[in-house]
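Below, each chain spelled out in residue letters.
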Amino acid sequence: MTRDLSRLLRPASIAVIGGGTWCANLIRQSVAMGFAGPVWPVHPTKAEIGGARAYPALSALPGVPDAVFVGVNRDATIAKIAQLREMGAGGAVCFAAGFLEAEAELGDGAEMQARLLHAAGDMPIIGPNCYGFVNYLDGALLWPDQHGGQRCKSGVAILTQSSNIAINLSMQARGLPIAYLMTVGNQAQLGLSALGRALLEDPRVTALGLHIEGVGDLRAFEALAQAARRAGKPIVALKSGRSDQARAATQSHTASLAGSGAGAAALLARLGVAQVTSLPQMLETLKLLHFAGPLPGNAVVSISCSGGEASLMADTALDHALTLPPLTPTQSRALRAALGPRVALANPLDYHTFIWGDAAAMAATFAAALDGPADIGVMIADFPRPDRCDPSAWDCIFEAGAEAQRRVGKPLALIATLPDCLSESVAERAIASGLIPLAGLDDGLTAIARAAWLGQARSTPLPLLLPGTPTQPRTLTEAEAKAALAAHGLRIPQARRAATPAELTTTLSDMALPLVIKAEGLAHKTEAGGVIFVHHADDLAEAQAKARAMPCQSWLIEEMIAAPIAELLIGVLRDPAHGFVLTLGAGGTLTEILRDTTSLLLPVTEADLTQALSHLRTAPLLGGYRGQPAANHAAILKAVMAVQDYVIAHAATLEEVEINPLLCTASDAVAVDALITKGERP
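Keep in mind it's a predicted model, so treat the numbers as computed, not measured.

A. View of the pattern of salt bridges. If you walk through the whole model with that rule in mind, you get 23 salt bridges. For Lys287, the salt bridge identified is with Glu284, shortest N-O distance 3.1 Å. Of this pair, Lys287 and Glu284 both sit in helix α11 (residues 279–292), three residues apart, which is roughly one turn of that helix. Glu284 carries the same exposure label as Lys287, and that label is buried.

Written as structure tokens, this is what we have:
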């Protein structure tokens, strides 16, 4: 169900139910924000709350409220929500705890949350167990605590599942205009995705920041990403939390390598959501996106008056997939005219200090540097602290930067190597000058890299393959797993199974050499001594004796694949939170040591696979390294797509598939070991 949240998020009237400190805080904060409409406290005995006249009951209010903060205990919350729905209120924030989040402690949390949902019906509610939101655009808030934001005409929206993190984010002093700050609590009715879509619908919102503990409804999250693409409003996400479910199949390399974050990272990348790893990175990226939008590329021109800063820029850019294109002849001529013969011309540019204070010469220098192949310019300047120093000598930066940006028309960032050296007042002055203030070299370059990633052309992804919830999982034998995958087109070695020593002897004499003897029933057979390679007839007797001594009841005898160019891992793991995680990487016995992997979510296309394989450190080996033959790329793609076909056919019951290794030759790609774990439908 799609609910209209306009009255709740942009109210003309607010009611506050409850008489405690939290409710009084909200009323005072509404006055401080300059909310234009009435705020109606509701309490059965108090005549005044937070400086505003209180009403004894909802029925006594002078009108039907658009938005309501319900700040009473959980039992009373359910009753008040039912009343609000009956009177036609626009929506509510449920502050009380003790619902689903407290099921383990109270035993009735799930039941109470179900009752709350029933009471709300089709009336929108946020929470329970959350602070609510601040609308800085309209000066409206349902927020029971302090916050550090201020009114703005346009800005970014930030959604978080943590009220405390939301408070912290509101205290940012980086010059980022925040349009909405919202917490989601238990997401009993309105989840992260539904609220995100509602915020993006406001034309004054330029980008969306998400602090995610759990994605929840995958189809809803796909819809959020699609809505953002259509609106041309980028999403930046910080994903926290670790999931034991992503490592459930501990016997496999895939589970070890995929880790807890692989599914989340693959989901965000698939949907075009820029992932960051810290709150400062999220704020800086949102700021750049608000003022400049996604960048067309990752080329940067750096301007500073210090060789040390130029070196820092060059080194730090290496860590962020940014390029520093060399100056063009046109740029060099213009810079030489502005700077004279004393300056070595390069990108990063150290323009020295002899023109410092000459705003005209600085503007000519900055414009010449900016007027080239770079997608964004970066001026490095760390400002002195005003309580102990005089920052007036830095005024020329604003004047010269503004003029350069006006002449060339490209985004120009003012970046301080240390966040401490770019105060809020400096950031605001930079913004007024048409510059983009970025606090901290590393976080600032992360923002540029993320904005460049968002600016890449990408097609709309296929709908995710959703996993089932299988019960009673069991691991198939290697022979069973290979046969199941071969039925979907996977190339496997010619093989025979021997269940007795006599069958082993007969099979070894019948099959052509070279061949491989494998003990059945052992995980990680190579490490356990469960694999024997037989190259010559003279080795058969010794190999047979070793095989009989293996701790197993049966054997698999296979053809040996000659002249492998590389060994790959293909793994698919059921991740209930994100879908089916496909891991591709360097395979064989050194898989976990090399840790050369990349992860995607199913379904994938051959184009997706080609791009993913190109990112592996193993890629040069697959392409033919130092005159060696290349692996058969088409055969590798066919193998992965065969695995995907199997997963799609068994999505309801599958836990995991792993091929390790896939032996890649110049003509073929053969799965010489396979593992499948699957269960039953619940």
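B. Main features of the side chain of Gln189. Its place among the elements puts Gln189 in the loop between β11 (178–183) and α7 (192–200). The class for Gln189 is buried, based on a relative accessible area of 16%. Within the structure, the side chain of Gln189 is placed 3.0 Å from the backbone oxygen of Met123, a separation counted as a polar contact. With residues up to four places along the chain from it excluded, the contact list for Gln189 reads Arg3, Leu117, Ala120, Gly121, Met123, Pro124, Ile125 and Gly127.

C. Just the sheet that holds strand β21 (residues 495–498), in detail. Taken in spatial order, the four strands make up an open sheet running β21-β24-β22-β23, and their pairing is antiparallel. Edge positions in the open sheet fall to β21 and β23 (531–534), since each of these has one partner strand only. Each neighbouring strand pair of the sheet contributes to a mean axis angle of 20 degrees, computed without reference to strand direction. Lying on the sheet, helix α18 (residues 478–486) is in contact with β22 (515–519) and β24 (555–559); it crosses β24 at an angle near 45 degrees. This element, helix α19 (residues 501–510), spans β21, β22 and β24 of the sheet and lies at about 155 degrees to β21.

D. Up close: helix α3 (residues 74–87). Given a rise of 1.5 Å per residue, 14 residues ought to cover 20 Å, and the 20 Å separating the end C-alpha atoms of α3 matches this to within 8%. Among the residues making up α3, those that are buried are Arg74, Thr77, Ile78, Ile81, Ala82 and Leu84. Along the axis of α3, the buried positions cluster into a sector of 165 degrees, meaning they face one direction only. Along its buried surface, α3 packs onto β1 (14–17), β5 (67–70), β6 (92–94), α4 (103–106), α5 (109–120) and β7 (125–126). Between the side-chain oxygen of the N-cap and the backbone nitrogen of Asp75 there are 3.1 Å, and the N-cap of α3 in question is Asn73. At the C-terminal side of α3, Gly88 shows a positive phi close to 85 degrees.

E. Representation of the packing of aromatic side chains in the model. This model, assessed by the stated rule, comprises eight aromatic pairs. Judged by centre distance (5.8 Å) and plane angle (75 degrees), the rings of Trp356 and Trp394 are edge-to-face. Pair noted here: Trp356 is in the loop between β16 (349–350) and α14 (359–370) and Trp394 is in the loop between β17 (376–380) and α15 (395–408), with a separation of 38 residues, a long-range link. According to the relative accessible area criterion, Trp356 is partly exposed, its value standing at 26%. The class for Trp394 is partly exposed, based on a relative accessible area of 24%. Put simply, the rings of Trp22, Phe69, Phe95, Tyr131 and Trp143 pair up and form one aromatic cluster.

F. Seen up close, the packing of helix α22 (residues 606–614) against helix α24 (residues 633–649). Two elements in contact, α22 and α24, have axes separated by 10 Å at closest approach and are oriented at 115 degrees. Here α22 and α24 pass one another in a crossing that is right-handed. Of α24, the residues touching α22 (which contributes Glu606, Leu609, Thr610 and Leu613) are His633, Ile636, Leu637, Val640 and Met641. The residue inventory of the contact of α22 with α24, partitioned by class, reads six nonpolar, two polar and one charged.

G. Region of interest: the sheet that holds strand β13 (residues 235–239). If you walk across this open sheet you meet the seven strands as β9-β8-β11-β10-β12-β13-β14, and the pairing is mixed. The open sheet terminates on both sides in strands that have one partner only, identified here as β9 (140–142) and β14 (274–276). When strand polarity is set aside, the average angle formed by the axes of neighbouring strands in this sheet is 15 degrees. Of the strand pairs in this sheet, strand β10 (residues 155–160) and β11 are connected by five bridges, and their pairing is parallel. Pairing of Ala157 across the sheet is with Tyr180, part of β11.

H. Summary view of the confidence of the model for the protein chain. Of all residues in the protein chain, 97% have pLDDT values of 70 or greater, and the mean over the chain is 93. Per-residue pLDDT stays below 50 along residues 245–259; that stretch engages in 47 contacts with residues further than four places along the chain or on separate chains.

I. Structural view of the nonpolar core. Among the nonpolar cores identified, the biggest contains 102 residues, and Leu210 and Ile448 are the most heavily contacted of them. No other element matches the eight residues that helix α17 (residues 441–454) contributes to this core. With near-sequence residues (within four places) excluded, Leu210 lies in contact with Leu159, Leu192, Phe221, Leu224, Ile235, Val236, Ala237, Leu238 and Met282. Ala631, Leu654, Cys664 and Ile676 belong to the second-largest nonpolar core, a separate cluster that totals 42 residues.

What counts, and where the lines are drawn
- Residues numbered from 1 in each chain as written.
- Predicted model: local features only at pLDDT ≥ 70, side-chain atom pairs only at ≥ 80, totals over all residues.
- Heavy atoms only, no water.
- Salt bridge = Lys/Arg side-chain N within 4 Å of Asp/Glu carboxyl O.
- Helix = DSSP H or I, 4+ residues; strand = E, 2+ residues; numbered from the N terminus.
- Buried < 20%, exposed > 50% of the residue type's maximum accessible area, 1.4 Å probe, protein only.
- Polar contact = N/O pair within 3.5 Å; in protein donor to acceptor, adjacent residues only side chain to side chain.
- Contact = heavy atoms within 4.5 Å.
- Pairing = 2+ DSSP bridges.
- Axes fitted to C-alpha atoms, helices over the stretch in contact; angles between N-to-C directions.
- Expected span 1.5 Å × (residues − 1).
- Arc of directions from axis to C-beta.
- Phe/Tyr/Trp six-rings, centres within 6.5 Å; stacked < 30°, edge-to-face > 60°.
- Left-handed = near helix turned anticlockwise from the far one by under 90°.
- Nonpolar A, V, L, I, M, F, W, Y, C, P; charged D, E, K, R; others polar.
- pLDDT = per-residue confidence, 0-100.
- Core = buried A, V, L, I, M, F, W, Y, C linked by side-chain atoms within 4.5 Å.

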